[in-house]
Amino acid sequence: VRNYDIIYRLIDEVRDALAGLLAPEIIETYEGTAEIRQVFKLSKVGTVAGCFMIKGAIKRTHRARIIRGGVVAWQGGIATLKRLKDDASEVREGQECGIQLAGFDDIKVGDQIEAFSIEERARKL
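Small disclaimer: the values here were computed from a predicted structure and weren't measured.

Calculation criteria
- Residues numbered from 1 in each chain as written.
- Predicted model: local features only at pLDDT ≥ 70, side-chain atom pairs only at ≥ 80, totals over all residues.
- Heavy atoms only, no water.
- Salt bridge = Lys/Arg side-chain N within 4 Å of Asp/Glu carboxyl O.
- Buried < 20%, exposed > 50% of the residue type's maximum accessible area, 1.4 Å probe, protein only.
- Patch = residues over 30% accessible without salt bridge, like charges linked within 9 Å, V, L, I, M, F, W, Y side chains within 5 Å.
- Areas by Shrake-Rupley, 256 points an atom, 1.4 Å probe, with all protein chains shown as cover.
- Helix = DSSP H or I, 4+ residues; strand = E, 2+ residues; numbered from the N terminus.
- Pairing = 2+ DSSP bridges.

**Q** Would you explain the pattern of salt bridges in this entry?
**A** When the charged atoms of two side chains with opposite charge come close together, those side chains can pair. This structure, assessed with the given rule, holds nine salt bridges. The residue Glu90 makes a salt bridge to Arg92 at a minimum N-O spacing of 3.4 Å. Salt-bridge contacts for Arg121 lead to Glu119; the nearest nitrogen and oxygen are separated by 3.3 Å. Judged by relative accessible area, Arg121 falls into the partly exposed class, the value being 42%. Counted as one network, the salt bridges with shared partners bring together Glu28, Arg65 and Glu114.

See below:
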């Protein structure tokens, strides 16, 4: 049992409690697009996509999706991101890079890798 001097505090507390019961709002933000120009199959590493950044930027922490023929073929994370044989945290528009996708090796020349980030926000009433 709680006592309140001001009715507005009661209303705010009930509103916050109800908002906590709602599922969080998921916001997806587009970050960049890379075109796969060459595919490298390495015995110890797996399949690496040689890419050229068309738009935006890709960071290692972003999520990625493969777009093949206008359809999403796969969605997941980026395992490695390289720029000139060195690990890179970010690759910007107009640069070339090597991208290895986590758990996906069916990469083809001409596919596009679209990078995006996901943010979860608590809903408010």
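From this point, the discussion proceeds with the structure in view.
**Q** Hey, could you run me through a nonpolar patch on the surface in this one?
**A** A cluster of nonpolar side chains, Ile6, Ile7, Tyr8, Leu10, Ile11, Val14, Leu18 and Leu21, forms an exposed patch at the surface whose accessible area comes to about 760 Å². Looking at the secondary structure, you find Leu21 in helix α1 (residues 7–21).

**Q** Explain the pairing of strand β7 (residues 96–101) to me, please; I cannot follow it from the model alone.
**A** Residues in a regular strand point their side chains to alternate faces of the sheet. Burial analysis of β7 places five of its six residues in the buried class, the great majority of the element. In the sheet, strand β2 (residues 46–59) pairs with β7 via four bridges, with the strands oriented antiparallel. What sits directly across from Gly50, in β7, is Gly98. Pairing analysis gives four bridges linking strand β4 (residues 71–83) to β7, with the strands arranged antiparallel. Within β7, the position partnered with Lys82 by the bridge is Gly98.

Everything listed here is a matter of coordinates, which is why it stays silent on function.
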